[in-house]
Structure formats: structure tokens, C-alpha cells
Amino acid sequence: MKIDVPDVYVSQTPESLPALLGSVAVIRDLLGGTPDTWTVEEVGDGNLNLVFKVRGPAGGIAVKQALPYVRLVGESWPLPLTRAHFEHLALVRQARHAPGLTPAVVHYDADMALIAMELLEPHIIMRHGMIDGIVYPLFTAALSTLAASTLFHTSDLAMAAGDKKALVADFAGNTALCAITENLIFTEPYMVADNNRWTSPQLDGLAASMRADGDLKVAVLRLKVKFMSSAEAMIHGDLHTGSIMVTQTDTRIIDPEFSFVGPMGFDTGAMIANLLLNYFSQIGHESIPGARDSYRDWVLGSIEEFWNGFRSRFLALWRHEGRGDAYPAVLFDDPVARIRLVREQERYMAGLFRDTLGFAAAKMIRRILGLAHNIDLENIADADVRATAEARALMTSPGHYGSIEAVTAAARQWNAIEPFGAKV
Ligand code: SR1
Ligand code: MG
């Protein structure tokens, strides 16, 4: 893949960044002092980009810069800088529909593929907190609000048809990031591929059985078609606990560079998948067996709260703000028709729930058998313990569950299956 890199683009270092940012008035005002007094640290631990914290005497900012390749792999895997453009577009749109739940954008530099944002302190990446067993009492309300509001307001349920098509066009160029998802989530885990890895030899049998499972492959490819062709709403595209920054009282959703107009269930499914992966990983993080039992209960309760909160918020928006061209109000202007609409809304949500579970399963499988794993599981040093957690997650993933409570009940059951080795 040939990557267009503007002549002026320079990947930044802690040494070079102050001079670049010093030319931006809003940043000079925010940080105070002069650029030579600003301190910069590179803190990126994601798979793709550089992330800096920049501080001056008056304040700080976070700066994210795209590299023309995948950071996790290196220059052998080129990746367009334009992902910063789509992330910026998505951040602006999310802030409109879910104010206060994303970092405020301070400055965007398209040539440098660089976004300067509000510095979120003392927030930490939620995945890290969950590995340490920290409860976040407010996060499900924030997350279900952002998901419901952003997905609803960027869908045909809320938008005029022309505006919606313009939104689809705005994001249509984010093809390279979509291709990552199409390959790494929906294709490679089900074939022999160089990128794949798993805890071996413990999971060799499970990986082989998934590669040989024709029904599973077809089910996943149906989800892939949905991902590629269902332009339902502007989705975050990579909504996991590594894309959330939290304190006990504040929740912000970051990193929407995979954003495009796609199936809503991809976002809700990703969230549930990552919470389930953390639930199963707790065996590797507790000091003695059972020490994290109440935390496990909190994680499963959060999955239920997230889905139920999302569902009720989305339906409330539809009831009060459903002015899009998809279900014209003029067709539902008498009491009987309105009852019919309520039934239709229930059917719609049931379909979205099915999509959510399907995408959640695909997300869980890819994090265990594919290229990019989660540190919830990766940080478990004992391979038998890690494989136990991973096998339990894989066994839970491909189910047809009738309710979110059935999902969490199944997770509890699978979390009790016999561990690998004798050490657990
Ligand atoms: C090569 S990028 C691998 C993964 O990192 C991001 O977080 C996305 O989940 C992507 O699939
Ligand atoms: Mg990310």
C-alpha cells in the first residue's frame, strides 16, 4: 500500500513537539510560559499511534499523532495518516451528541495528522484499572449514554436521508482502518495466518476446531457482510476498555479513529466482549482464589447495566426525537399505528441485540486467537492460568442468548470449567 505523506509531515518526538505546538496560539495560551519550558512525555501504549502529554506552567494537553504505519508491527505495515482526519470528525460529532463524554479537541493539524486534546488527569485507561480490580460506579451510565446518543442521532431514525448519506460519504474514505477490522476480526482468526497467535499448546485444539467449524465461519462472515455493508450509524469502531479513560467520577471515551458509518451492534458488542474478557481474566489477577469474586459480580452486573441502559436510552431517544426519514411520523399518527410502532421498536432492538452478541463473539475470538491481544489476558504470566481464562471466554462466545442476563449466567457457568494444569 502506498501511503500519501504530506511533505511537511514529521513524526514528532518529545524534543521536536514543543516547537511545533508553540506556533499555535490556543496551545500557547493553554500551556502558558514558552515552549522551551514545556515538558513532554510519550505515553502511547496503543497499537497504532504516538501519544504525548505536554505540560506548561498554566496547564497541559494530550497530543495524538498518527504514524504512516502500524506502531505494533512497524514500517512493514503502512497505514494512512488520514485516520487522524476521521478521528477528528468523529470526536467533533460525538461531542455534539454526547457532551462531556469525550476529550475536548484543542487543535487539529491535518498535515501532521495530529490532534491536540484536553489532558485528562487524573484519569487512567479503564483496562488498567479493571486489571487492578477497581470498581467504576458511573461508567455504565456514561458509556450507554454515549453509545445510545451517538448511534441514534447519526442513524436514519434521527436524520434526514440526505444528511445521513452525506455522513456516510464523510467517513467513506476510512477504508484502511475498516480493512484492519475486516481482516483481523472476521477473517484471519479462522484460517492459518502469520498474524495469529494463541497460548500454545493449551489452545491448539480449540483454535483448530474453530478453523474447522464451517457453521462458525459462515456465522462470522455474515457479520462481516453486515460490517461492510450496513451503514446504520456513525460507530466508534474500536470501543473497548482501552478506549475509555476514567476516574471514580468521570468517564471519557477516546480514540475513534476506526469510526465510520457501520452497524451499531459492532460498538455495543465490542464493549460487552471486552468486559467479558476482563471477567474471565480475573483468575490471573486475584491474590488467592476467590479474592476477586465480588469484582467478578461487578463486571457482570456492568455488562447487564450497559446493555439495559443502552436499550432504554436508545428507545427513549427514538420515542422523543425519532424525526428521521426511516419511520416517518406521519405514518404513525393514530393510537393503533403508535402501538404498531412500539412493537416495531421492540423488534428493532431484538435485532440489534442479536448483532451485538454476534459481534461480541467475533471480538472475543480475535483477541484470543488473532494478532492484537488484550493485556487483561496477556499480563497473566502463567500460561495454564491464561489458557484457562481464554478457553472459558472462547466457550462463552458463540452462543445464541435470549437476554443479557442469559449471557452473564452463561459466563458464570463457563467460568467454572476445569482449569488447565494443576496450578489453578
Ligand atoms: C493492527 S491494529 C490492531 C488492533 O488495534 C486496534 O486497537 C484495533 O482493535 C485493531 O484491530
Ligand atoms: Mg485505539
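What counts as what
- Residues numbered from 1 in each chain as written.
- Chains lettered and ligands numbered in written order.
- Predicted model: local features only at pLDDT ≥ 70, side-chain atom pairs only at ≥ 80, totals over all residues.
- Heavy atoms only, no water.
- Helix = DSSP H or I, 4+ residues; strand = E, 2+ residues; numbered from the N terminus.
- Rg over C-alpha atoms; globule rule 2.2 N^0.38 Å.
- Buried < 20%, exposed > 50% of the residue type's maximum accessible area, 1.4 Å probe, protein only.
- Domains from an automatic or database assignment.
- Buried area = accessible area lost by both parts, 1.4 Å probe.
- Salt bridge = Lys/Arg side-chain N within 4 Å of Asp/Glu carboxyl O.
- Axes fitted to C-alpha atoms, helices over the stretch in contact; angles between N-to-C directions.
- Left-handed = near helix turned anticlockwise from the far one by under 90°.
- Contact = heavy atoms within 4.5 Å.
- Nonpolar A, V, L, I, M, F, W, Y, C, P; charged D, E, K, R; others polar.
- Near = heavy atom within 4 Å.
- Polar contact = N/O pair within 3.5 Å; in protein donor to acceptor, adjacent residues only side chain to side chain.
- Areas by Shrake-Rupley, 256 points an atom, 1.4 Å probe, with all protein chains shown as cover.
- Pairing = 2+ DSSP bridges.
- Parallel < 35°, antiparallel > 145°, perpendicular 65-115°, else oblique.

## Quick word on the overall build of the protein
Then step 1. From N to C terminus, the protein includes 15 helices and 12 strands.
Then step 2. For 424 residues, the compact-globule estimate of 2.2 N^0.38 gives 22 Å, and the protein sits close to it at 22 Å.
Then step 3. With the C-alpha coordinates aligned to their principal axes, the bounding extent of the protein is approximately 65 × 60 × 45 Å.
Then step 4. The 424 residues of the protein split such that 54% are buried.

## Section: the domain arrangement of the protein
Then step 1. As far as domains go, the protein holds domain 1 (17-118) and domain 2 (124-414).
Then step 2. For domain 1 versus domain 2, the distance between C-alpha centres works out to 26 Å.
Then step 3. Both faces considered, domain 1 and domain 2 share a buried interface measuring about 2,300 Å² in area, 67% of it formed by carbon and sulfur atoms.
Then step 4. Taken as a group, Phe86, His97 and Leu101 account for 27% of the area that domain 1 buries against domain 2, more than any other trio of residues on that side.
Then step 5. Linking domain 1 to domain 2 there are four salt bridges.

## Brief notes about the packing of helix 14 (residues 383-396) against helix 15 (residues 404-414)
When two helices pack together, their arrangement is captured by the angle between the axes and the distance separating the axes.
Then step 1. For the pair helix 14 and helix 15, the least separation of the axes is 9 Å and the interaxial angle reads 145°. In the packing of helix 14 onto helix 15, the handedness of the crossing is right-handed. Along the contact surface, helix 14 presents Arg392, Met395 and Thr396, while helix 15 presents Ala410, Ala411 and Trp414.
Then step 2. Per-class residue counts for the contact of helix 14 with helix 15 are four nonpolar, one polar and one charged.

## Quick notes on the site of ligand 1
Then step 1. Taken together, the neighbourhood of ligand 1 is formed by Asn47, Leu48, Val70, Trp77, Ile180, Leu184, Asp238, His240, Phe258, Arg366, Arg367 and Ala372.
Then step 2. Here an oxygen atom of ligand 1 sits 2.6 Å away from a polar atom, N or O, in the side chain of Arg366.
Then step 3. In isolation ligand 1 has 320 Å² of accessible area, and contact with the protein removes 95% of it.
Then step 4. Only helix 7 (175-184) and helix 12 (335-369) provide two or more residues apiece to the shell around ligand 1.
Then step 5. Considering only residue class, the shell around ligand 1 consists of seven nonpolar, two polar and three charged.
Then step 6. Split by domain, the shell around ligand 1 shows at least three residues from each of two domains, domain 1 (17-118) and domain 2 (124-414).

## Here's the deal with the sheet that holds strand 8 (residues 124-125)
Then step 1. Here three strands make up an open sheet; going across it, the order is 8-10-11 and the pairing antiparallel. One side of each edge strand has no neighbouring strand; the edge strands of this open sheet are strand 8 and strand 11 (251-253).
Then step 2. Pairing between strand 8 and strand 10 (residues 244-246): two bridges, direction antiparallel. What sits directly across from Ile124, in strand 10, is Val246.

## Here's the deal with the pattern of salt bridges
Then step 1. Counted according to the given criterion, the structure contains 19 salt bridges.
Then step 2. When the shortest N-O distance is used, the salt bridge between Glu118 and Arg252 registers 2.9 Å. Here Glu118 is found in strand 7 (residues 114-118), whereas its partner Arg252 is found in strand 11, with 134 residues between them in sequence.
Then step 3. For Glu118, a relative accessible area of 27% translates into the label partly exposed.
Then step 4. Exposure remark for Arg252: the relative accessible area of 12% places this residue in the buried category.

## Quick word on the side chain of Asn174
Then step 1. Inspection of the secondary structure assignment puts Asn174 in the loop between helix 6 (161-171) and helix 7.
Then step 2. Of the residues examined, Asn174 reaches a relative accessible area of 1% and is grouped as buried.
Then step 3. Residues within four places of Asn174 in sequence aside, it is in contact with Arg83, Phe86, Glu257, Phe258 and Ser259.

## Comments concerning the packing of helix 5 (residues 139-153) against helix 10 (residues 264-281)
Then step 1. One can describe the packing of helix 5 onto helix 10 by two numbers: an axis separation of 10 Å at closest approach and a directional angle of 165°. Between helix 5 and helix 10, the angle falls in the class roughly antiparallel. Regarding helix 5 and helix 10, the two cross each other, and that crossing is right-handed. Counting all contacts with helix 5, which are made through Phe139, Leu143 and Leu151, the residues of helix 10 involved are Met264, Asp267, Met271 and Leu275.
Then step 2. The residue makeup of the contact of helix 5 with helix 10, split by class, is six nonpolar, no polar and one charged.

## So, the sheet that holds strand 6 (residues 105-109)
Then step 1. Across the sheet, which stays open at both edges, the five strands sit in the order 1-2-3-7-6 with antiparallel pairing between neighbours. Edge positions in the sheet fall to strand 1 (39-42) and strand 6, since each has one partner strand and no second. Averaged over all pairs of adjacent strands, the angle between strand axes in this sheet comes to 20°, irrespective of strand direction.
Then step 2. Bridge count between strand 2 (residues 49-55) and strand 3 (residues 60-66): seven bridges; the pairing is antiparallel. Looking at the pairing, Asn49 lines up with Ala66 of strand 3.
Then step 3. Packing of helix 3 (residues 83-97) onto the sheet brings it into contact with strand 2, strand 3, strand 6 and strand 7, and relative to strand 7 it is tilted by some 30°.

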